[in-house]
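# Observations on chain architecture
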Amino acid sequence: MVKIDLKRVDEIIGRYKGEEGVLIQLLLDIQNELNWIPREAITQISERLRIPKSHIYRIASFYKAMSLNPVGRHTIQICLGTACQVRGAPKILDRMEESLRIKEGETTSDMRFSLRRVNCLGCCAMGPVVVVDGNYYGKVTSAMVEDILEKYE
Ligand code: FES
């Protein structure tokens, strides 16, 4: 369960109270602060600024810079393309899921990591490949998983 700092959301909304046309900036501020826009934040905005929730959801889903799902401070991409699969990527994924105590597609409760699978990162000869925040790790083994994660404590 991801913990949400609703007091912080309240402070951000307070900055814009009484101003017209601030929704996008307000949502961006919440995105920057929490790294995503929780449902509870949308309810707070709707109630305090009297903006229909449906309109807020429309805006938040339209902009790529905004996420309605929790996103960790670090994003791990694990390649499960054919070449990486053959070289043992499923075992790496199992080890990652076990270490982080989440499933692929989820975010850790402390918001540190999000784990995503991808299909090919274009460097198949390095497989299995893991990318964390844009840093590539090639020929990854299960034994390397903890060391990689520790770099992002
Ligand atoms: S299949 Fe993994 S990089 Fe291509």
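That block above? That's the structure.
To keep things clear, this report deals only with the structure shown in the data block. (Residues numbered from 1 in each chain as written. Predicted model: local features only at pLDDT ≥ 70, side-chain atom pairs only at ≥ 80, totals over all residues. Heavy atoms only, no water.)

Turning next to the pattern of salt bridges. Scanning all chains against the criterion turns up six salt bridges. The closest approach of N and O atoms between arginine 8 and glutamate 11, which form a salt bridge, is 2.5 Å. Taken together, the residues arginine 8 and glutamate 11, both in helix 1 (residues 6-16) and three residues apart, mark about one turn of the helix. Here glutamate 11 falls in the partly exposed class, since its relative accessible area comes to 41%. Put simply, arginine 15 and aspartate 29 hold a salt bridge, and the shortest N to O gap is 3.1 Å. One end of the pair, arginine 15, is in helix 1; the other, aspartate 29, is in helix 2 (residues 23-34), with 14 residues separating them in the sequence. Taking the relative accessible area as the measure of exposure, arginine 15 reaches 45% and is therefore partly exposed. A relative accessible area of 13% means that aspartate 29 is categorised as buried. (Salt bridge = Lys/Arg side-chain N within 4 Å of Asp/Glu carboxyl O. Helix = DSSP H or I, 4+ residues; strand = E, 2+ residues; numbered from the N terminus. Buried < 20%, exposed > 50% of the residue type's maximum accessible area, 1.4 Å probe, protein only.)

Side chains of Asp94, Glu98, Glu146, Asp147 and Glu150 sit close together on the surface and give a patch of like negative charge. Where the negative patch is concerned, the elements lending two or more residues are helix 6 (89-100) and helix 7 (145-150). Top element by residues in the negative patch is helix 7. It accounts for three residues. Turning to its location among the elements, aspartate 94 is positioned in helix 6. (Patch = residues over 30% accessible without salt bridge, like charges linked within 9 Å, V, L, I, M, F, W, Y side chains within 5 Å. Areas by Shrake-Rupley, 256 points an atom, 1.4 Å probe, with all protein chains shown as cover. Lys, Arg positive; Asp, Glu negative; His and termini not counted. Charge placed at Lys NZ, Arg CZ, Asp CG, Glu CD.)

Attention shifts here to a nonpolar patch on the surface. A cluster of nonpolar side chains, Ile24, Phe62 and Tyr63, forms an exposed patch at the surface whose accessible area comes to about 300 Å². Tracing the sequence through the fold places tyrosine 63 in the loop between helix 4 (53-62) and strand 1 (74-79). A relative accessible area of 32% means that tyrosine 63 is categorised as partly exposed.

Below, the discussion takes up the state of the cysteines. With the rule as written, the count across this model stands at zero disulfides. Of the cysteine sulfurs around cysteine 123, a residue in no disulfide, the closest is that of cysteine 84, at 6.9 Å. Look at cysteine 123 and you get buried, because its relative accessible area is 17%. (Disulfide = S-S within 2.5 Å.)

Two elements in contact, helix 1 and helix 2, have axes whose closest approach is 10 Å; the angle formed by their N-to-C orientations is 150°. By the angle class used here, helix 1 and helix 2 are roughly antiparallel. Crossing angle aside, the handedness with which helix 1 passes helix 2 is right-handed. Of the residues in helix 2, those in contact with Arg8, Val9, Ile12, Ile13, Arg15 and Tyr16 of helix 1 are Gln25, Leu26, Asp29, Ile30, Glu33 and Leu34. Considered class by class, the residues forming the contact of helix 1 with helix 2 number seven nonpolar, one polar and four charged. (Axes fitted to C-alpha atoms, helices over the stretch in contact; angles between N-to-C directions. Parallel < 35°, antiparallel > 145°, perpendicular 65-115°, else oblique. Left-handed = near helix turned anticlockwise from the far one by under 90°. Contact = heavy atoms within 4.5 Å. Nonpolar A, V, L, I, M, F, W, Y, C, P; charged D, E, K, R; others polar.)

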